[in-house]
Amino acid sequence: MREPIDQAKWDETLNVIKGMITDVSYRTWISPLKPLEKDDEQGTFSLACTESFKANLIRQRYLTEIENAVASVFDRKYRVIISHKSDEEIKNIREKKTILKPTPEDSFREEYYLNPRYTFDNFIVGSNNNYAHAISLAVAESPADTYNPLFIYGGSGLGKTHLMHAIGNFILQKYPSKKVLYVSSEMFTTELIAALNDPTNRNSKLNSFKEKYRTVDVLLIDDIQFIEGKDATQLEFFHTFNTLYNQQKQIVISSDRQPSKLTLLDDRLRSRFQSDILADIQPPDFETRVAILRHKAEEEGQNLDDDFLQVIDLIAEKVKFNVREMESALTRVISFSAVDKDKPKITVAFAKSKLTDIFDSRDSTITCETIKTAVCKKYGIKLADMDSKKRNREYARPRQIAMYLCREMTDLSLPQIGQSFGGKDHTTVLHACNKVAEEMKTSSFFAEEVHSIQESLQ
Ligand code: ADP
Ligand code: MG
C-alpha cells in the first residue's frame, strides 16, 4: 500500500544520515531531499529532488547511507528511489492529487547503474561463497569465455547482487569499451510492459527495448525468479538470451533458487541453464560473518576496540542467514550511538538495548516447538513423531533436521534440546546436528531444503 512518508520520521532519518557524512555533504545533497511516499508491499521508499543532477549524484553516492538510515528509523529495509520532480509535483504527490509514477528516465538511472560500492575487493570470501566468488571473478576477467551463462543462486541477502555488480564494475574497468548492462528482472518486466501497453508507439518502443537489451556485451539480470509466471516477459527474455548467447555475449543471471526449481517458460530456457555453470551461495559461517562485519565497520571508520569487537561477535551470533540483516543491525547500532547527543560508547549492553527486534522477538518466537512444527509441516509427519523413538528414515531424518535447527536457531544447550524431543540423550542431538551439517556440505540440494525451513521460520 502506498502512503505518504511521515515527516517526523523522515526528520529523524535525516538526523541519522547527518551522523554518517560530513556537514557540507549533508547540507548539499541530503537536506534538499523531499519525502514522497513509501510502499510496504513493494518495499519501496520514494524521495524526490528538485534538481536532476543532484538526484543522479545522490543515487550514485549516498543510496546506501540513505537506505541504511531509513532501515534504522522505519525498522525495515526499503529500496530507496530518488526521482527528479518539481516542487509542484512533489506537493501533488504528497497530497495524493497525483499518483507517483516513475518515468522511464528515472527508472533507467535508478535501476541500471552499477553500484560502485559493490566490488570484488570488498566481497568477503568464505567457504559459503568461494566457488561463486571464483567463478564470478573468472567471468569478469574474461567475459563470454568459459563460463557462459553464469547462474548465481542463493537465499536473500547473501551477496548475489553484490557479486553481479562486482562483475560489471570489474569488466568496465578492464574493458572500458564494453557495454555492460545490469537490470533487475522487475525493471526488465516493467519496461517491457510499458512498451507493450503503449498503443501509439508500441512498435517503436518495442524496438528500442530490444535494441537496448540485445546489443550489449554483458547482460547482468538479477532475481530472475521474478519473471516466473509472466509469460510475455519470459518469452522476451528467452529471445534476448538466445540472441546474446548466439553472439557470444556474456550473460549473468541470479535467482533465489537453482534453475531446476524455477518454473521458467518452457523447458527450452531451463535446459539452457541446467547445463551451464551454476554457482550457489550458502549462508556464511560464524567466522565469515565476523569477517564481513569487521570489514564493514572498518569501511565506516569505526574504531575496532574490544567492546566493538564483542558487539560484532554478538550480531554475528544472532543473525545467521542474511548478510543484509546483519549489516543493517550493525549500522543501526552505529547510527544510534552517532545520533545520541551523549555519543554513548558502543558496547554489548548498548547494542542489546537498541537491537530489540533481534534480541527479543527472535529469541521468543523461535523455539523448539515452532521449529518442530515447521519441520513436521514440511515433511508431512505428526508432531508426536518428533518425540517418538521411531527409527524409520521418514521420521528420523526430519527429527534430525529439527534438532539441527534448534541448535542453530535457539540458545538452548544440547541436553535441553534432547529434553524437548521426548527426553533424548544429548549425544543423540549432537550426532543429529553433525550428520545434518555434514550432509549440507556435500549436498547443496539438501542444504537448500534445510535453509528453506529456516527461512520459513524467520
Ligand atoms: P542478495 O542479492 O543475495 O539478496 P546482496 O548482494 O544485496 O544480497 O547483499 C546484501 C548485503 O550484504 C549487501 O550490502 C552486500 O554488500 C552484503 N554482503 C553479502 N555478502 C557479502 C560478502 N561476502 N562480503 C561483503 N559483503 C557482503
Ligand atoms: Mg539481490
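Relevant structure appears above.
Residues numbered from 1 in each chain as written. Chains lettered and ligands numbered in written order. Predicted model: local features only at pLDDT ≥ 70, side-chain atom pairs only at ≥ 80, totals over all residues. Heavy atoms only, no water.

### Observations concerning the pairing of strand β5 (residues 150-154)
Of all the five residues making up β5, five are buried; the element is thus mostly covered by neighbouring parts of the structure. Both faces of β5 are covered, namely the face carrying L150, I152 and G154 and the face carrying F151 and Y153. Strand direction decides the pairing type here: β5 and strand β8 (residues 250-255), joined by four bridges, are parallel. Note on β8: the bridge partner recorded for Y153 is S255. (Buried < 20%, exposed > 50% of the residue type's maximum accessible area, 1.4 Å probe, protein only. Helix = DSSP H or I, 4+ residues; strand = E, 2+ residues; numbered from the N terminus. Pairing = 2+ DSSP bridges.)

### Section: the pattern of salt bridges
For the coordinates displayed, the defined rule picks out 20 salt bridges. E51 is the partner of K54 in a salt bridge, and the nearest nitrogen-oxygen pair spans 3.5 Å. Take K54: its relative accessible area is 12%, and that puts it in the buried class. For E51, a relative accessible area of 34% gives the class partly exposed. (Salt bridge = Lys/Arg side-chain N within 4 Å of Asp/Glu carboxyl O.)

### Overview of the sheet that holds strand β4 (residues 79-84)
The strand order across the open sheet formed by four strands is β1-β2-β3-β4, and the pairing between neighbours is mixed. Single-partner strands in this sheet number two, and they are β1 (2-4) and β4. Neighbouring strand axes in the sheet, compared pairwise and without regard to direction, differ in orientation by 25 degrees on average. Relative to β4, strand β3 (residues 44-49) runs parallel, the two being bridged by six bridges. Looking at the pairing, C49 lines up with H84 of β4. (Axes fitted to C-alpha atoms, helices over the stretch in contact; angles between N-to-C directions.)

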